[in-house]
Amino acid sequence: MSFDPERSNFAPTLRSRRTWARIGRWLFIAATVVALAALMMMLYNVATSTVGLVAVEYEREPSTLVEQPLEEVSKEELVALLQANISAGLFRRLEHDQPFATRSRETVYDLVIEHVVAETIVRSWPLDKSLVDRAAIEAEIAADYPTARVRFHAWLQPQFLTRSMSSNPEQAGVRTALLGSLWMVLITMLLAFPIGVGSAIYLEEYASDTLLNSILQSNINNLAGIPSIIYGMLGLAIFVRTLEPYTSGAAFGVLDGNGRTILSASLTMALLILPIIIVSAQEAIRAVPQSIRLASYGLGATRWQTTWYQVLPVAMPGILTGTILAMSRAIGETAPLIVVGASTFIVSDPTGPFSKFTVLPIQIYQWTSRPQAEFRHLAATAIVVLLVLLLTLNATAVLVRQRLGRLP
Amino acid sequence: MGVDNFPPMLVLRRRSRPGEWLIQGFLLLCALLSILTTLGIVVVLGRESWLFFGDEAVTLSEFLTSTTWQPAIGHFGVWPLLNATLMTTTIAMLVAIPLGLGVAIYLSEYAAPHVHDFLKPTLEVLAGIPTVVYGYFALTFMTPLLQNLFGRETVEIYNTASAGLVMGIMILPLIASLSEDALRAVPRSLREAAYALGATPLETSTQVVLPAALSGISAAIILGISRAIGETMIVSIAAGAGPSFTLNPFEAAETMTGHIARISGGDLSYNTIDYNSIFALGMTLFIFTFSLNLISRIIVERFREVYE
Amino acid sequence: MLIENPLMEARQVTLYYGASEALRDVTLQAAPHQITALIGPSGCGKSTMLRCFNRMNDLIPHVRLSGQILYRTHDLYHPDIDPVEVRRKIGMVFQKPNPFPKSIYENVAWGARLNGYRGNMDELVERCLRQAALWDEVQDQLRKSALALSGGQQQRLCIARTIATEPEVILMDEPCSALDPIATLRIEDLMRELKERYTIIIVTHNMQQAARVSDYTAMMMLTDDRAAGTIIEFGETQRLFTTPSDRRTEDYITGRFG
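If you're wondering where the values come from, they're calculated on a predicted model, not measured in any experiment.

Undergrad: Is there a simple way to explain the overall build of chain C in this structure?
TA: Helix and strand counts for chain C stand at 10 helices and 10 strands. For chain C, whose C-alpha radius of gyration is 18 Å, the value lies close to the compact-globule estimate of 18 Å for 258 residues. The dimensions of chain C, computed from C-alpha atoms along their principal axes, are 55 × 40 × 35 Å.

Structure follows, in structure tokens:
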């Protein structure tokens, strides 16, 4: 309503302005809802692929082998089953790889499934479809694969973490990739943490030459904006190629290797996350009250003593928080490692810095790129593992900030 | 102990502290490593690019003008790859800018405090999801969705539309979060002034707050563009594996980053023209992103409104 | 004391921010074409009270108000009243000069254009800048950024901007507290001129200022339980400053109040 409509210099536009205001408000809310829905859709899309119906065909029906369900058969009986149903040559070879006496029931069971039952997944569905369209799925399978059986299969299961890579999707796991990721992150952090914190200390506590300081500072800001794949190319040219004698381990007596090792990957990744660590450590150091430094100097401490005994302990929670976030960046980064040469198919676990390696995101990339649906399920499952890992790290960062941050 | 046990001049004399110097030297080395990294990038990209353009099969003018990239028959025109990069980036920004700004304005001008305090960290966590996950989403969700909407004949399995759309979703949290920071930095007194003149919330946010935060928002958008140009995994997975010059977003086309990743991921022999060519692409990429980052920083520093 | 035909009136206004009480039972009247000053110690709710008159408190979440704010015959907190229209008729000048980061011309024209001004905009801008005693200083630089002006000039620009929407009442929230003494005097002169056309309610912590410019003064203070602000005395400025009827008012204006 208007207070003096008849004698006003102002057009009565309030009603339409109000309408626009309402439309605008709903547009902003809609943008937020759409954005969140898209991101949630992504998580849903991953989650629904980690379990679901599969159609399997057997060479030998498990029920024709033993009375009880195969899952309940003891290890000794499984070994017997294996011996009875596969060629003697294959049995000897398996025994030679690792004696059956030392194998776990789990691995023997896997061997029975692989060689005797010879289960193959002919088709698979995500969970949402499995629940909604079960009847249609069974009809489809009955028509296309009369001998196949439809059952639920959890791609996400504890063994997924402990099995190594396999070309059979049901037997495949992420142990090799997970170990590769851990090795890489460990070495990366050993390199990047001291150097990053050292740089931050220099920039905040020592650098007085303002020109040098500002060149360093703007250079660090620039580095943070360079695409990660370019770091990969730097790593390829310097660490993999030029420094090959060292990164392959040849200089240290490791013979059969090239430069595409965990060490090269870690060096590359360390350079990539260095700017993140430096910037966050700088912020943490800058937040330390000046009075603490003055008090320390007042007692006759040197610059380094002040930094080491007074400044760093106070800044540490902030530094650690930033470091953990940099660590999660390193764990999730894929592109530079492709360039540096992570192996896409590798079954042996990494044993040290000079091993060939694969990492979790590379494994996900590789599985995603395979056309068969089963590998998409594996990719989704590996994504869940990766996201849980990252979420744990993020939660740790929040905890560190809250717990340690409260100390004086 | 009496004071005169110490000759005062001796106690106060400057002492040499080799430990302190050693430490300071080490710290300086740490700081210089970042300069070394930049130099390394420039030297490596420059050297290999030099070798690439020195090859008789390659000319700079062909690189900059030709629309054919077929190393097997000696054609090295950057346009198919650059075009795909620009297409995915454009599509991504068409998604990320309106949605990101919408989210930012909602968060800073409309959302209740507890909604804001929940959504902002959520966005930041989502912004930290590895891009390979977004790539998976593009291939297994967005592409089938596009195929259902526009038909399987029109939409190829690998296409720049799907990659671009998902890249937009990936960049959205970044733009939303940085823009929201810029909007928040606009002093409350400006909003009050607008309301006191009889402005509606929409008029206040779009005509007063948004223009006042424009430098920060532009910087956020440019940073988003730079991120989109350098993004590798989404396009590697979903956009296609083979250079092709097309303006149809539903056809497969390989971007610069996608090409670098595919070529270097295979068995690559050093000192071949293939090996050198990816460094020329890397140089192109570096020049693009470096300039964008520079522009973004200049905007922030030059056009920042100073409210005392 | 009651004013006949007040233009604005607060009747038994009590205001809460969430659970905490900010104003209790405030009753106040503003006579047309007069300057009414709200004085009192900091934190006693002067600004909060002022912001009730143009519903600026609506912008703060969880504000509840009981009682009535009357403008002519309208209850401003009646559900049918649109706060946007209220704020056009009842303008506000703030403590710190807050010009928009736009040109001087745009600063004045923006609010009027927004509200659908039908006349010639150039004339309006000139008229408002003249009324705000700023025209002579800025007439050659209307396209320059308002942020380049001095603090006193900025505050006069804010006044020009406010009168461009042709309000009837102007609320001023300590308009001189960020200015130097000379700029303050200019604004005070301006207020005396403006009251010919507008009704002014001003919050000030400067008692000399209240005594110099206002016609009526309301003395605000915290209630005895120190929970909320309220008005302890209201009257003509001259009378209130010479023969205060409340002991606390006397203590405050003679400087004996902590």
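That shown, we press on.
Undergrad: I'm lost on the overall build of chain B in this one. Help?
TA: Of regular secondary structure, chain B possesses 13 helices and two strands. Here the C-alpha radius of gyration of chain B, 26 Å, is well above what a compact globule of 308 residues would show, namely 19 Å. The principal-axis extent of the C-alpha atoms belonging to chain B is close to 95 × 65 × 35 Å. At a minimum sequence separation of 6, the contacts of chain B that also span at least 24 residues come to 74%.

Undergrad: When you look at the interface of chain A and chain C in this model, what are you seeing that I'm missing?
TA: The partner chain C presents 13 residues to the eight residues of chain A that form the contact. When the residues that make up the side of chain A that touches chain C are grouped by side-chain class, the tally is five nonpolar, three polar and no charged.

Undergrad: How should the interface of chain B and chain A be read in this particular structure?
TA: Note on interface size: it is often stated as the accessible area lost on association of the parts. Contacts between the two partners involve 63 residues from chain B, matched on the other side by 67 residues from chain A. Looking at the side of chain B that touches chain A element by element, the count peaks at 18 residues for helix α2 (residues 18-54) of chain B. In terms of residue class, the side of chain B that touches chain A is made up of 39 nonpolar, 20 polar and four charged.

Undergrad: How should the packing of helix α10 (residues 228-242) of chain A against α2 of chain B be read in this particular structure?
TA: Any two packed helices are characterised by how steeply their axes cross, that is the angle between the axes, and by the distance between the axes. Between α10 of chain A and α2 of chain B, the shortest axis-to-axis distance is 10 Å and the interhelical angle comes to 75°. It follows from the interaxial angle that α10 of chain A and α2 of chain B lie roughly perpendicular. Residue-level contacts link I230, M233, L234, A237 and I238 of chain A of α10 of chain A to G40, I41, V44, L45 and E48 of chain B of α2 of chain B. A per-class count over the contact of α10 of chain A with α2 of chain B returns eight nonpolar, one polar and one charged.

Undergrad: Sorry, what's going on with the nonpolar core here?
TA: Most often, soluble globular proteins have nonpolar side chains that are buried together. Counting 270 residues, the largest nonpolar core has V166 and I234 of chain B as its most contacted members. With sequence-adjacent residues up to four places away left out, V166 of chain B is seen in contact with Y134, F137, A138, M142, I234 and A238 of chain B. Counting residues in each nonpolar core, the second largest holds 10 residues, with V108, L111, V112 and V116 of chain A among its members.

Undergrad: It is not clear to me how the sheet that holds strand β2 (residues 120-124) of chain A should be interpreted in this structure. Could you clarify?
TA: Either a parallel or an antiparallel arrangement is found when strands of a sheet pair, and the pairing is made through backbone hydrogen bonds. All names here are of chain A. Spatially, three strands are ordered β2-β1-β3 in an open sheet, and the strand pairing comes out antiparallel. In this open sheet, the two edge strands, each paired with only one partner strand, are β2 and β3 (149-154). Between one strand and the next, the sheet's axes are offset by a mean angle of 45°, whatever the strand orientation. Examined bridge by bridge, strand β1 (residues 51-57) and β2 share four bridges and lie antiparallel to one another. For A55, the partnering residue across the bridge sits in β2 and is R123.

Undergrad: How should the environment of L51 of chain B be read in this particular structure?
TA: Considering the arrangement of structural elements, one finds L51 of chain B in helix α2. A C-alpha to C-alpha distance of 9.0 Å links L51 of chain B and S277 of chain B, two positions 226 residues apart in sequence.

Undergrad: Whenever I open this one, the packing of helix α3 (residues 104-114) of chain C against helix α6 (residues 151-163) of chain C confuses me. Can you help?
TA: All names here are of chain C. Their axes nearest at 7 Å, the elements α3 and α6 cross at an angle of 30°. Looking at the two axes, α3 sits roughly parallel to α6. Like other packed secondary-structure pairs, α3 and α6 cross with a definite hand, here right-handed. Between α3, through I104, N107, V108 and G111, and α6, the contact on the second element is made entirely by L157, A160 and R161. Its residues assigned to classes, the contact of α3 with α6 comprises four nonpolar, two polar and one charged.

Undergrad: Honestly, the domain arrangement of chain B in this entry has me stumped. Any pointers?
TA: Residue and element names in this part refer to chain B. Looking at chain B, the domain boundaries give domain 1 (3-54) and domain 2 (69-303). Relative to domain 2, the C-alpha centre of domain 1 lies at a distance of 38 Å. Across the contact, eight residues belong to domain 1 and eight residues belong to domain 2. For the side of domain 1 that touches domain 2, the class distribution of residues is five nonpolar, two polar and one charged.

Undergrad: What's the story with the confidence of the model for chain B in this structure? I'm lost.
TA: The predicted model of chain B averages 88 in pLDDT, with 94% of residues at 70 or higher. The element-level mean pLDDT for chain B is lowest in helix α1 (residues 8-12) of chain B, coming to 60, with helix α4 (residues 79-110) of chain B highest at 95.

Undergrad: Looking at this structure, I do not really get helix α4 (residues 121-131) of chain C. What am I missing?
TA: Three or four residues apart is the spacing at which side chains of an α-helix point the same way, because the helix has 3.6 residues per turn. Residue and element names in this part refer to chain C. Among all positions of α4, only L124, V125, C128, L129 and Q131 are buried. Buried residues of α4, seen end-on, are gathered within an arc of 160° and therefore sit on one face of the element. In α4, those exposed residues whose orientation departs by more than 90 degrees from the buried face are D122 and E123. The inward-facing, buried residues of α4 abut α3, α5 (135-138) and α6. Within two residues after α4, A133 carries a phi angle of roughly 55°, on the positive side.

Undergrad: Which parts of the structure should I look at to understand unusual backbone geometry?
TA: Of all residues except glycine, most have a negative phi; of all peptide bonds, most are trans. All names here are of chain C. In this structure, H62 takes a positive phi of about 65° despite not being glycine. Mapped onto the secondary structure, H62 falls in the loop between α1 (46-52) and β4 (63-71). Of the residues examined, H62 has 11 C-beta atoms within 10 Å and is grouped as exposed. Although it is not a glycine, R226 sits at a positive phi angle of roughly 55°. Looking at the element boundaries, R226 is found in the loop between β9 (216-222) and β10 (229-236). With 10 C-beta atoms packed within 10 Å, R226 lands in the exposed category.

Undergrad: What exactly am I supposed to notice about the environment of L64 of chain B here?
TA: Residues and elements named next belong to chain B. Position of L64 relative to the elements: it lies in helix α3 (residues 60-65). Residue L64 is classed as exposed on the basis of its C-beta count, with 12 C-beta atoms lying within 10 Å. In this structure, the C-alpha to C-alpha distance between L64 and G151, residues 87 residues apart in sequence, is 35 Å.

Undergrad: Just checking my understanding: could you explain the confidence of the model for chain C for this structure?
TA: Do not read the predicted coordinates in detail wherever pLDDT is low. All names here are of chain C. For chain C, the average pLDDT comes to 90, and 98% of its residues sit at 70 or higher. Confidence, read as mean pLDDT per element, is least for helix α10 (residues 247-253) in chain C (87) and greatest for strand β8 (residues 199-203) (95). With pTM at 0.87, the complex prediction returns an ipTM value of 0.90.

Undergrad: How should the environment of L185 of chain C be read in this particular structure?
TA: Residues and elements named next belong to chain C. Take L185: it is sitting in helix α7 (residues 181-194). What makes L185 partly exposed here is the crowd of 15 C-beta atoms within 10 Å. Residues L185 and Q209, spaced 24 residues apart in sequence, show a C-alpha to C-alpha distance of 9.3 Å.

Undergrad: Looking at this structure, I do not really get the pairing of strand β7 (residues 169-173) of chain C. What am I missing?
TA: Regular strands have side chains that alternate between both faces of the sheet. Residues and elements named next belong to chain C. Counting buried residues in β7 gives five out of five residues, a clear majority hidden from the surface. Residue alternation in β7 divides its side chains into two sets, V169, L171 and D173 and I170 and M172, and both sets are buried. One ladder, built from five bridges, connects β7 with β8; its direction is parallel. Across the sheet, residue I170 finds its bridge partner in β8, namely I200.

Undergrad: Explanation requested: α2 of chain B in the structure shown.
TA: With 37 residues, α2 of chain B extends 50 Å between its outermost C-alpha atoms, agreeing within 8% with the 54 Å of an ideal straight helix rising 1.5 Å per residue. Of all bends in α2 of chain B, the biggest is about 25°, found at L32 of chain B. Residues of α2 of chain B that are buried include every one of I23, L27, C30, A31, S34, T37, I41, V44, L45, E48, S49 and F52 of chain B, and no others. Taken together, the buried residues of α2 of chain B touch α8 (175-206), α9 (210-224), α10, α12 (262-286) and α14 (303-332) of chain A together with α13 (273-303) of chain B.

Definitions and limits used
- Every residue gets a number counted from 1 within its own chain, in the order that chain's sequence is written.
- Starting at A for chains and at 1 for ligands, labels are handed out in the order in which the entities are written.
- Only residues with pLDDT of at least 70 are given local features in this predicted model, and only at 80 or more are side-chain atom pairs given and counted; all residues enter the totals for whole chains, interfaces and linings.
- Helix and strand assignments come from DSSP, with helices taken as H or I runs of at least 4 residues and strands as E runs of at least 2, each series counted from the N terminus.
- Atoms considered for the radius of gyration are the C-alpha atoms alone. The globule rule reads 2.2 Å times the number of residues to the power 0.38.
- Two residues qualify as being in contact provided that their C-beta atoms, derived from the backbone, are within 7 Å of each other.
- Basically, the charged four are Asp, Glu, Lys and Arg, the nonpolar ten are Ala, Val, Leu, Ile, Met, Phe, Trp, Tyr, Cys and Pro, and anything else, Gly included, counts as polar.
- Lines fitted to C-alpha atoms define the axes here, with helix axes fitted over just the stretch in contact, and angles between the N-to-C directions of these axes take values from 0 to 180 degrees.
- The labels follow the angle: roughly parallel below 35 degrees, roughly antiparallel above 145, roughly perpendicular from 65 to 115, and oblique for the rest.
- By convention the nonpolar core is taken to be a set of buried residues drawn from Ala, Val, Leu, Ile, Met, Phe, Trp, Tyr and Cys and joined through C-beta atoms within 7 Å.
- Remark: C-beta atoms are placed from the backbone, and a residue is labelled buried if 20 or more other C-beta atoms sit within 10 Å of its own, exposed if 12 or fewer do, or partly exposed between those counts.
- DSSP bridges decide pairing: two strands pair if at least two such bridges lie between them.
- Here a crossing is called left-handed whenever its near helix is offset anticlockwise from the far helix by less than a right angle, and right-handed whenever the offset is clockwise.
- Source of the domain bounds: an automatic or database domain assignment.
- As a per-residue quantity, pLDDT reports the predictor's confidence and falls between 0 and 100.
- Read the arc as the range of directions from the helix axis to the C-beta atoms.
- Under the convention used throughout, the expected extent of a helix is 1.5 Å for every residue step, that is, one less than its residue count.
- The seven residues ending at a residue and the seven starting there each receive a fitted axis; the angle between those axes is the bend at that residue.

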